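Each chain is listed here by its residues.
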Amino acid sequence: MSSEMLPAVSGTSNDEKNQDLSEDQEENQKPGLGERFEPISKRQMKKLMKQKQWEEQRELRKQKRKEKRKRKQLERQCQLESNSDGSDRKRIRRDVVHSTLRLIIDCSFDSLMVLKDIKKLHKQIQRCYAENRRALHPVQFYLTSHGGQLKKNMDENDKGWVNWKDIHIKPEHYSEFIKKEDLIYLTSDSPNVLKELDESKAYIIGGLVDHNHHKGLTYKQASDHGIDHAQLPLGDFVKMNSRKVLAVNHVFEIILEYLETRDWQEAFFTILPQRKGAVPTDKGCESSSHDKKLAQVEDGLNSDSSEEENSTNLLDSPHEEEKQDKENSTEPTVNSIPH
(Lines give C-alpha, C1' and ligand atoms only; values in the text may rest on other atoms or scores of the structure.)
Protein backbone atom coordinates (compact mmCIF):
# COMPACT_ATOMS: atom_id res chain seq x y z
CA MET A 1 0.00 0.00 0.00
CA SER A 2 1.33 3.39 -0.95
CA SER A 3 2.06 6.07 1.56
CA GLU A 4 -0.42 8.38 -0.27
CA MET A 5 -3.35 6.27 0.98
CA LEU A 6 -2.43 6.41 4.67
CA PRO A 7 -3.93 9.86 5.43
CA ALA A 8 -7.26 8.81 3.94
CA VAL A 9 -7.36 5.62 5.99
CA SER A 10 -6.42 7.55 9.12
CA GLY A 11 -9.16 10.11 8.49
CA THR A 12 -11.74 7.38 8.04
CA SER A 13 -10.66 5.72 11.27
CA ASN A 14 -11.05 9.00 13.18
CA ASP A 15 -14.57 9.49 11.81
CA GLU A 16 -15.58 6.04 12.94
CA LYS A 17 -14.18 6.68 16.42
CA ASN A 18 -16.10 9.96 16.69
CA GLN A 19 -19.29 8.26 15.61
CA ASP A 20 -18.81 5.51 18.18
CA LEU A 21 -18.23 8.09 20.91
CA SER A 22 -21.39 10.01 20.02
CA GLU A 23 -23.43 6.81 20.04
CA ASP A 24 -22.02 5.93 23.46
CA GLN A 25 -22.97 9.37 24.78
CA GLU A 26 -26.50 9.05 23.43
CA GLU A 27 -26.78 5.60 24.97
CA ASN A 28 -25.61 6.94 28.33
CA GLN A 29 -28.14 9.76 28.18
CA LYS A 30 -31.01 7.36 27.62
CA PRO A 31 -32.82 6.36 30.80
CA GLY A 32 -32.26 2.88 32.06
CA LEU A 33 -34.99 0.30 32.32
CA GLY A 34 -35.68 1.18 35.92
CA GLU A 35 -35.98 4.86 35.14
CA ARG A 36 -37.96 4.42 31.94
CA PHE A 37 -40.67 2.38 33.58
CA GLU A 38 -40.69 4.05 36.99
CA PRO A 39 -44.20 3.50 38.39
CA ILE A 40 -46.49 6.46 39.17
CA SER A 41 -48.18 6.49 42.55
CA LYS A 42 -51.95 6.70 42.88
CA ARG A 43 -51.64 10.16 44.37
CA GLN A 44 -49.55 11.39 41.45
CA MET A 45 -52.01 9.83 39.00
CA LYS A 46 -54.91 11.60 40.70
CA LYS A 47 -53.03 14.89 40.56
CA LEU A 48 -52.45 14.45 36.83
CA MET A 49 -56.10 13.62 36.25
CA LYS A 50 -57.26 16.62 38.25
CA GLN A 51 -54.79 18.85 36.43
CA LYS A 52 -56.22 17.65 33.13
CA GLN A 53 -59.78 18.19 34.33
CA TRP A 54 -58.89 21.67 35.62
CA GLU A 55 -57.44 22.61 32.24
CA GLU A 56 -60.45 21.21 30.38
CA GLN A 57 -62.81 23.36 32.43
CA ARG A 58 -60.82 26.55 31.92
CA GLU A 59 -62.98 27.67 29.00
CA LEU A 60 -66.18 26.90 30.90
CA ARG A 61 -65.07 29.10 33.78
CA LYS A 62 -64.09 31.88 31.41
CA GLN A 63 -67.42 31.64 29.58
CA LYS A 64 -69.38 31.87 32.83
CA ARG A 65 -67.47 34.99 33.86
CA LYS A 66 -68.11 36.55 30.45
CA GLU A 67 -71.83 35.81 30.65
CA LYS A 68 -72.06 37.40 34.09
CA ARG A 69 -70.22 40.52 32.89
CA LYS A 70 -72.46 40.77 29.82
CA ARG A 71 -75.57 40.46 31.95
CA LYS A 72 -74.39 43.25 34.24
CA GLN A 73 -73.49 45.42 31.23
CA LEU A 74 -76.92 44.90 29.71
CA GLU A 75 -78.57 45.88 32.97
CA ARG A 76 -76.52 49.06 33.14
CA GLN A 77 -77.23 49.82 29.49
CA CYS A 78 -80.96 49.42 30.01
CA GLN A 79 -80.78 51.76 32.96
CA LEU A 80 -78.79 54.30 30.94
CA GLU A 81 -81.27 54.17 28.06
CA SER A 82 -84.15 54.80 30.44
CA ASN A 83 -82.50 58.03 31.64
CA SER A 84 -83.25 61.19 29.71
CA ASP A 85 -81.68 64.06 31.66
CA GLY A 86 -78.01 63.19 31.00
CA SER A 87 -77.07 62.63 34.65
CA ASP A 88 -76.68 58.91 34.13
CA ARG A 89 -74.61 57.97 37.16
CA LYS A 90 -76.88 59.79 39.57
CA ARG A 91 -79.98 58.28 37.97
CA ILE A 92 -78.52 54.79 38.26
CA ARG A 93 -78.03 55.26 42.00
CA ARG A 94 -81.62 56.49 42.28
CA ASP A 95 -82.85 53.28 40.66
CA VAL A 96 -81.29 51.30 43.50
CA VAL A 97 -83.87 50.04 45.97
CA HIS A 98 -82.39 49.45 49.40
CA SER A 99 -83.56 46.32 51.14
CA THR A 100 -84.60 46.46 54.77
CA LEU A 101 -83.01 43.04 55.32
CA ARG A 102 -80.12 43.17 57.75
CA LEU A 103 -77.13 40.96 56.96
CA ILE A 104 -74.60 40.53 59.75
CA ILE A 105 -71.10 39.09 59.66
CA ASP A 106 -70.40 37.87 63.19
CA CYS A 107 -66.71 38.53 63.93
CA SER A 108 -66.76 37.09 67.44
CA PHE A 109 -64.53 34.13 66.47
CA ASP A 110 -61.36 36.21 66.28
CA SER A 111 -59.49 34.21 68.91
CA LEU A 112 -60.08 30.92 67.05
CA MET A 113 -58.19 31.99 63.92
CA VAL A 114 -54.54 32.37 63.04
CA LEU A 115 -53.33 35.51 61.29
CA LYS A 116 -53.41 33.87 57.85
CA ASP A 117 -57.11 33.11 58.25
CA ILE A 118 -57.78 36.58 59.66
CA LYS A 119 -56.35 38.03 56.43
CA LYS A 120 -58.58 35.75 54.38
CA LEU A 121 -61.64 36.85 56.33
CA HIS A 122 -60.63 40.48 55.76
CA LYS A 123 -60.55 39.90 51.99
CA GLN A 124 -63.95 38.22 52.10
CA ILE A 125 -65.39 41.17 54.00
CA GLN A 126 -63.92 43.55 51.40
CA ARG A 127 -65.64 41.53 48.68
CA CYS A 128 -68.96 41.63 50.55
CA TYR A 129 -68.69 45.40 50.94
CA ALA A 130 -67.90 45.94 47.25
CA GLU A 131 -70.75 43.69 46.06
CA ASN A 132 -73.25 45.34 48.38
CA ARG A 133 -72.25 48.80 47.14
CA ARG A 134 -72.94 47.87 43.51
CA ALA A 135 -76.04 45.72 44.13
CA LEU A 136 -79.47 46.81 42.88
CA HIS A 137 -80.97 45.81 46.23
CA PRO A 138 -78.24 46.40 48.82
CA VAL A 139 -78.83 45.08 52.32
CA GLN A 140 -78.27 46.74 55.68
CA PHE A 141 -74.72 45.48 56.18
CA TYR A 142 -73.36 44.94 59.71
CA LEU A 143 -69.97 43.89 61.07
CA THR A 144 -70.34 43.02 64.74
CA SER A 145 -67.83 42.14 67.48
CA HIS A 146 -65.28 44.01 65.38
CA GLY A 147 -61.92 44.14 67.10
CA GLY A 148 -58.86 42.07 67.96
CA GLN A 149 -56.72 40.67 65.15
CA LEU A 150 -59.22 41.58 62.44
CA LYS A 151 -59.36 45.27 63.32
CA LYS A 152 -55.56 45.39 63.67
CA ASN A 153 -55.12 43.81 60.24
CA MET A 154 -57.61 46.23 58.68
CA ASP A 155 -55.86 49.18 60.32
CA GLU A 156 -52.50 48.06 58.93
CA ASN A 157 -53.51 46.96 55.43
CA ASP A 158 -56.75 48.79 54.62
CA LYS A 159 -56.85 52.11 56.44
CA GLY A 160 -59.65 53.32 54.18
CA TRP A 161 -62.16 51.05 55.91
CA VAL A 162 -62.95 53.85 58.36
CA ASN A 163 -64.48 55.75 55.41
CA TRP A 164 -66.67 52.88 54.18
CA LYS A 165 -70.26 53.90 53.46
CA ASP A 166 -73.53 52.03 53.89
CA ILE A 167 -72.10 49.69 56.51
CA HIS A 168 -72.45 49.49 60.29
CA ILE A 169 -69.20 48.42 61.95
CA LYS A 170 -69.68 47.83 65.64
CA PRO A 171 -67.46 46.44 68.41
CA GLU A 172 -70.55 45.18 70.25
CA HIS A 173 -72.10 41.72 69.86
CA TYR A 174 -75.19 41.69 67.63
CA SER A 175 -77.36 40.57 70.55
CA GLU A 176 -76.75 43.90 72.27
CA PHE A 177 -78.65 46.03 69.75
CA ILE A 178 -80.88 43.65 67.73
CA LYS A 179 -83.91 41.90 69.19
CA LYS A 180 -83.53 38.14 69.59
CA GLU A 181 -86.80 37.48 67.75
CA ASP A 182 -85.42 39.28 64.69
CA LEU A 183 -82.27 37.16 64.46
CA ILE A 184 -81.73 34.11 62.21
CA TYR A 185 -78.31 32.45 62.21
CA LEU A 186 -77.32 30.91 58.86
CA THR A 187 -75.63 27.61 59.69
CA SER A 188 -75.30 24.42 57.68
CA ASP A 189 -75.98 22.29 60.75
CA SER A 190 -79.48 23.65 61.18
CA PRO A 191 -82.33 21.25 60.36
CA ASN A 192 -84.36 24.22 59.10
CA VAL A 193 -84.13 24.94 55.38
CA LEU A 194 -84.60 28.54 54.31
CA LYS A 195 -87.34 28.89 51.65
CA GLU A 196 -87.81 32.64 51.53
CA LEU A 197 -86.01 35.68 52.89
CA ASP A 198 -87.93 37.79 55.40
CA GLU A 199 -86.68 41.34 54.91
CA SER A 200 -87.78 42.30 58.40
CA LYS A 201 -85.24 39.86 59.86
CA ALA A 202 -81.51 40.06 60.55
CA TYR A 203 -79.54 37.13 59.09
CA ILE A 204 -76.17 36.26 60.61
CA ILE A 205 -73.18 34.78 58.76
CA GLY A 206 -70.46 33.37 60.99
CA GLY A 207 -67.17 35.18 60.25
CA LEU A 208 -65.06 32.10 60.87
CA VAL A 209 -62.32 30.86 58.53
CA ASP A 210 -61.39 27.64 60.28
CA HIS A 211 -60.92 25.04 57.52
CA ASN A 212 -63.63 22.93 59.13
CA HIS A 213 -61.77 22.59 62.44
CA HIS A 214 -64.72 23.87 64.49
CA LYS A 215 -67.67 21.97 63.05
CA GLY A 216 -71.07 22.87 64.45
CA LEU A 217 -69.78 25.90 66.34
CA THR A 218 -72.17 28.45 64.81
CA TYR A 219 -75.13 26.11 65.30
CA LYS A 220 -74.16 25.60 68.94
CA GLN A 221 -73.83 29.33 69.48
CA ALA A 222 -77.25 29.97 67.97
CA SER A 223 -78.80 27.23 70.11
CA ASP A 224 -77.09 28.44 73.28
CA HIS A 225 -78.37 31.99 72.72
CA GLY A 226 -81.88 30.79 71.82
CA ILE A 227 -81.59 32.30 68.32
CA ASP A 228 -83.54 30.97 65.34
CA HIS A 229 -81.35 29.26 62.75
CA ALA A 230 -81.59 27.96 59.18
CA GLN A 231 -79.49 26.79 56.24
CA LEU A 232 -79.60 27.93 52.63
CA PRO A 233 -81.68 25.60 50.37
CA LEU A 234 -78.63 24.51 48.39
CA GLY A 235 -79.53 20.82 48.36
CA ASP A 236 -82.98 21.57 46.88
CA PHE A 237 -81.54 23.19 43.76
CA VAL A 238 -77.90 22.19 43.32
CA LYS A 239 -75.84 19.03 43.22
CA MET A 240 -72.10 19.64 43.64
CA ASN A 241 -69.18 17.30 43.14
CA SER A 242 -67.11 19.14 45.73
CA ARG A 243 -67.67 19.49 49.44
CA LYS A 244 -70.75 21.55 50.27
CA VAL A 245 -68.72 24.44 51.64
CA LEU A 246 -69.26 28.13 50.92
CA ALA A 247 -67.11 31.11 51.81
CA VAL A 248 -68.49 34.08 53.74
CA ASN A 249 -68.64 36.24 50.62
CA HIS A 250 -70.37 33.48 48.62
CA VAL A 251 -73.22 33.29 51.15
CA PHE A 252 -73.42 37.10 51.17
CA GLU A 253 -73.49 37.33 47.36
CA ILE A 254 -76.09 34.55 47.01
CA ILE A 255 -78.44 36.50 49.27
CA LEU A 256 -77.87 39.68 47.24
CA GLU A 257 -78.54 37.78 44.02
CA TYR A 258 -81.71 36.24 45.42
CA LEU A 259 -83.03 39.65 46.45
CA GLU A 260 -82.59 40.73 42.84
CA THR A 261 -83.94 37.64 41.05
CA ARG A 262 -86.16 35.96 43.68
CA ASP A 263 -84.86 32.68 42.26
CA TRP A 264 -82.65 30.47 44.46
CA GLN A 265 -81.38 28.32 41.61
CA GLU A 266 -80.32 31.31 39.53
CA ALA A 267 -78.68 32.84 42.59
CA PHE A 268 -76.69 29.68 43.30
CA PHE A 269 -75.52 29.16 39.72
CA THR A 270 -74.59 32.81 39.28
CA ILE A 271 -72.40 32.91 42.38
CA LEU A 272 -71.00 29.41 42.90
CA PRO A 273 -67.48 28.99 41.47
CA GLN A 274 -67.19 26.75 38.41
CA ARG A 275 -64.77 24.48 40.27
CA LYS A 276 -67.63 23.37 42.51
CA GLY A 277 -68.98 21.35 39.58
CA ALA A 278 -72.54 22.46 40.38
CA VAL A 279 -75.43 21.07 38.32
CA PRO A 280 -79.21 21.32 38.81
CA THR A 281 -80.51 18.58 41.06
CA ASP A 282 -82.91 17.14 38.46
CA LYS A 283 -80.11 16.70 35.87
CA GLY A 284 -77.43 15.80 38.34
CA CYS A 285 -79.39 12.89 39.75
CA GLU A 286 -80.59 11.31 36.47
CA SER A 287 -77.49 9.25 35.79
CA SER A 288 -77.29 7.78 39.27
CA SER A 289 -80.95 7.54 40.28
CA HIS A 290 -81.06 3.76 39.84
CA ASP A 291 -77.94 3.25 41.95
CA LYS A 292 -79.33 5.48 44.67
CA LYS A 293 -82.56 3.49 44.86
CA LEU A 294 -80.59 0.28 45.26
CA ALA A 295 -78.46 1.88 47.96
CA GLN A 296 -81.56 3.00 49.81
CA VAL A 297 -82.96 -0.53 49.81
CA GLU A 298 -79.71 -2.17 50.88
CA ASP A 299 -78.55 0.32 53.46
CA GLY A 300 -81.84 1.86 54.59
CA LEU A 301 -80.45 5.29 53.89
CA ASN A 302 -82.50 8.29 52.95
CA SER A 303 -82.05 10.07 49.62
CA ASP A 304 -79.94 12.86 51.05
CA SER A 305 -77.34 10.62 52.66
CA SER A 306 -77.26 8.39 49.57
CA GLU A 307 -76.47 11.32 47.33
CA GLU A 308 -73.75 12.48 49.69
CA GLU A 309 -72.07 9.07 49.72
CA ASN A 310 -72.19 8.70 45.93
CA SER A 311 -70.88 12.16 45.10
CA THR A 312 -67.27 12.55 43.96
CA ASN A 313 -65.00 15.13 45.49
CA LEU A 314 -63.85 17.59 42.81
CA LEU A 315 -61.18 19.72 44.51
CA ASP A 316 -60.35 23.33 43.80
CA SER A 317 -57.05 22.52 42.11
CA PRO A 318 -54.83 19.52 41.40
CA HIS A 319 -52.82 20.16 44.57
CA GLU A 320 -55.81 20.15 46.93
CA GLU A 321 -55.94 16.45 47.70
CA GLU A 322 -53.01 16.52 50.08
CA LYS A 323 -54.49 19.50 51.88
CA GLN A 324 -57.88 17.85 52.19
CA ASP A 325 -56.21 14.89 53.86
CA LYS A 326 -55.29 17.35 56.57
CA GLU A 327 -58.90 18.63 56.62
CA ASN A 328 -57.79 21.96 55.18
CA SER A 329 -59.57 23.74 52.37
CA THR A 330 -57.90 26.21 50.00
CA GLU A 331 -61.09 28.21 49.93
CA PRO A 332 -61.66 29.79 53.31
CA THR A 333 -65.09 28.73 54.47
CA VAL A 334 -67.55 28.98 57.30
CA ASN A 335 -70.81 27.69 55.96
CA SER A 336 -70.73 24.05 54.85
CA ILE A 337 -74.05 23.22 53.29
CA PRO A 338 -75.05 19.57 53.63
CA HIS A 339 -76.69 17.80 50.72
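Residues numbered from 1 in each chain as written. Predicted model: local features only at pLDDT ≥ 70, side-chain atom pairs only at ≥ 80, totals over all residues. Heavy atoms only, no water.

Here the focus is the environment of Asp263. Within the element layout of this structure, Asp263 appears in the loop between helix H10 (248-261) and helix H11 (264-271). In this structure Asp263 comes out as partly exposed when scored by relative accessible area, which is 31%. Within the structure, the side chain of Asp263 is placed 3.1 Å from the backbone nitrogen of Glu266, a separation counted as a polar contact. (Helix = DSSP H or I, 4+ residues; strand = E, 2+ residues; numbered from the N terminus. Buried < 20%, exposed > 50% of the residue type's maximum accessible area, 1.4 Å probe, protein only. Polar contact = N/O pair within 3.5 Å; in protein donor to acceptor, adjacent residues only side chain to side chain.)

With four of five residues buried, strand E2 (residues 140-144) lies mostly within the body of the structure. Where strand E1 (residues 102-106) meets E2, five bridges bridge the pair, whose relative direction is parallel. Opposite Leu103, over in E2, you have Phe141 as the bridge partner. A crossover links E2 with its parallel partner strand E3 (residues 167-169), the connecting element being helix H7 (residues 148-157), and its sense is right-handed. (Pairing = 2+ DSSP bridges. Right-handed = clockwise from strand over helix to strand, strands pointing away.)

With that out of the way, let us pick up helix H6 (residues 115-134). With 20 residues, H6 should reach 28 Å at 1.5 Å per residue; the first-to-last C-alpha distance of 29 Å fits that figure. Buried within H6 are the following residues: Asp117, Ile118, Leu121, His122, Gln124, Ile125, Cys128, Tyr129, Glu131 and Asn132. On its buried face, H6 sits against E1, E2, H7, E3 and H10. (Expected span 1.5 Å × (residues − 1). Contact = heavy atoms within 4.5 Å.)

Scanning all chains against the criterion turns up 11 salt bridges. Note that Glu253 and Arg127 form a salt bridge whose closest N and O atoms lie 3.5 Å from each other. Taken together, the residues Glu253 in helix H10 and Arg127 in helix H6 connect sequence positions 126 residues apart. Residue Arg127 is classed as partly exposed on the basis of its relative accessible area of 38%. A salt bridge links Lys220 to Asp224; the nearest nitrogen and oxygen atoms lie 2.9 Å apart. Separated by four residues within a single helix, Lys220 and Asp224 lie in helix H8 (residues 217-224), roughly one turn from each other. The class of Asp224 is exposed, set by a relative accessible area of 54%. One salt-bridge network, held together by shared partners, links Arg127, Glu131, Arg134 and Glu253. (Salt bridge = Lys/Arg side-chain N within 4 Å of Asp/Glu carboxyl O.)

There is a patch of like positive charges on the surface, built from Arg65, Lys66, Arg69 and Lys70. Mapped onto the secondary structure, Arg65 falls in helix H4 (residues 58-82). (Patch = residues over 30% accessible without salt bridge, like charges linked within 9 Å, V, L, I, M, F, W, Y side chains within 5 Å. Areas by Shrake-Rupley, 256 points an atom, 1.4 Å probe, with all protein chains shown as cover. Lys, Arg positive; Asp, Glu negative; His and termini not counted. Charge placed at Lys NZ, Arg CZ, Asp CG, Glu CD.)

Bear in mind that shape data such as this cannot, by itself, settle questions of function.
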